[in-house]
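Residue-level structure breakdown
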Amino acid sequence: MHPSPFLYFADDRLSTAELSAARLDGHLVELGDAYIPADAVETAGLRAGSLRGILGDTLAATHLTAAWVHGALPFPPVRHTVQRAVERRLHAVIDLRLLYRDGSVAATDVVLLGGVRVTTPVRTLADLARVPDEAHAHAARLLAAAYAGLAREAADRLERSGKLPHKRSGLVFLRGLAAAEDAVAGRAPTTT
């Protein structure tokens, strides 16, 4: 079963050699772990669906991978950040292409795109804000800029969450993004 007729995976409908030849001829372009027609419009569903081979039915794309799926980043990360999307513990998630987080992500924090689970933009932004490095901060700024009001919504969500690593610094970062959005829009800043 194919989540999209526009996604081509190696040895699924075409061999690796056929996909490579079509790419060299300019008919296909790479997208995540798949190929799409060169004239296809790249969508969140296609980006997510390109990851079905590594996400399957048990994992959700999170952090930088989810930011790429939601269109905030132009290219997928070298290693995809994933989290289990099922209650049971997973025992065989060894893949060098993955940064695996064992905690379960709640069903309310995921959306189904292209047949795979991806954290919602709000959850993705809250997660990105809590990682103390520039790559995640850059992705967070781009994601927040793509969705009006998302920074405030993510700050509110993070405020209500339990104890989490880097929660305080994440809240400061998100409130700063929300304040910058308010300033650009000419709104008076609000406090949360």
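Source: prediction; values computed, not measured. Here the residue numbers are simple positions, counted from 1 along each chain's written sequence. Reporting of local features is limited, given that this is a predicted model, to residues whose pLDDT is at least 70; pairs of side-chain atoms are given and counted only at 80 or more, and all residues count toward the totals for whole chains, interfaces and linings. Excluding hydrogens and water, the side-chain figures rest on all heavy atoms present in the structure.

Describing the sheet that holds strand E6 (residues 110-113)
Two strands are said to pair when DSSP picks up at least two bridges between them. Helix and strand definitions here come from DSSP, where helices need a minimum of 4 consecutive H or I residues and strands a minimum of 2 consecutive E residues; each element is numbered from the N-terminal end. Here five strands make up an open sheet; going across it, the order is E5-E4-E3-E7-E6 and the pairing mixed. Each edge of the open sheet carries a strand with a single partner, namely strand E5 (98-104) and E6. Averaged over all pairs of adjacent strands, the angle between strand axes in this sheet comes to 40 degrees, irrespective of strand direction. Axis geometry follows a simple rule: fit a line to the C-alpha atoms, using only the stretch in contact for helices, then measure angles between N-to-C directions, giving values from 0 to 180 degrees.

Brief notes about the side chain of threonine 124
The topology assignment puts threonine 124 in helix H5 (residues 121-129). Given the relative accessible area of 0%, threonine 124 is considered buried. Residues count as neighbours in contact if any of their non-hydrogen atoms are within 4.5 Å of one another. With near-sequence residues (within four places) excluded, threonine 124 lies in contact with His63, Ala66, Ala67, His70, Thr119 and Leu143. Any residue under 20% of the maximum accessible area for its type is buried, any over 50% is exposed, and the rest in between are partly exposed; the area is computed with a 1.4 Å probe on protein chains only.

Structural notes on the packing of aromatic side chains
Between the rings of Phe, Tyr and Trp (Trp by its six-membered ring), a pair exists once the centres lie within 6.5 Å; its type follows the angle of the planes, with under 30 degrees stacked, over 60 edge-to-face, and the other angles tilted. Under the criterion given, the structure shown has zero aromatic pairs. Charge over a ring is defined by NZ of Lys or CZ of Arg lying within 6 Å of the ring centre and within 35 degrees of the ring normal. Over the ring of tyrosine 8 we find arginine 13; its NZ or CZ atom is 4.3 Å from the centre of that ring.

With respect to the layout of surface pockets
Of the two site types, the cavity is a set of points on a 1 Å grid over the protein atoms alone where a 1.4 Å probe fits but cannot get out, and the pocket is an open set with protein on both sides within 12 Å along at least five of seven lines, each lined by residues with an atom within 4 Å of a point. Grid points are joined across faces, edges and corners, and a volume is the space filled by probe spheres set on the points. Its volume calculated, the largest pocket comes out at about 270 Å³. What lines the largest pocket is a set of 15 residues, and nearest its centre among them are Arg101, Arg123, Asp127, Arg130 and Leu164. Among the secondary structure elements, those contributing two or more residues to the lining of the largest pocket are E5, H5 and helix H7 (150-160). The greatest single-element share of the lining of the largest pocket, amounting to three residues, is contributed by H5. Its residues assigned to classes, the lining of the largest pocket comprises five nonpolar, five polar and five charged. All residues other than Ala, Val, Leu, Ile, Met, Phe, Trp, Tyr, Cys, Pro, Asp, Glu, Lys and Arg, Gly among them, are scored as polar; the first ten of these are nonpolar and the last four charged.

A few points about unusual backbone geometry
One can expect most non-glycine residues to show negative phi and most peptide bonds to be in trans. A positive phi angle is found at aspartate 11, which is not glycine, with a value near 65 degrees. Its place among the elements puts aspartate 11 in the segment before helix H1 (16-24). Judged by its relative accessible area of 59%, aspartate 11 falls in the exposed class. Of note in this structure, histidine 166 is not a glycine but carries a positive phi near 60 degrees. For histidine 166, the location among the structural elements is in the loop between H7 and helix H8 (167-185). Histidine 166 gets classed as partly exposed once you look at its relative accessible area, which sits at 43%.

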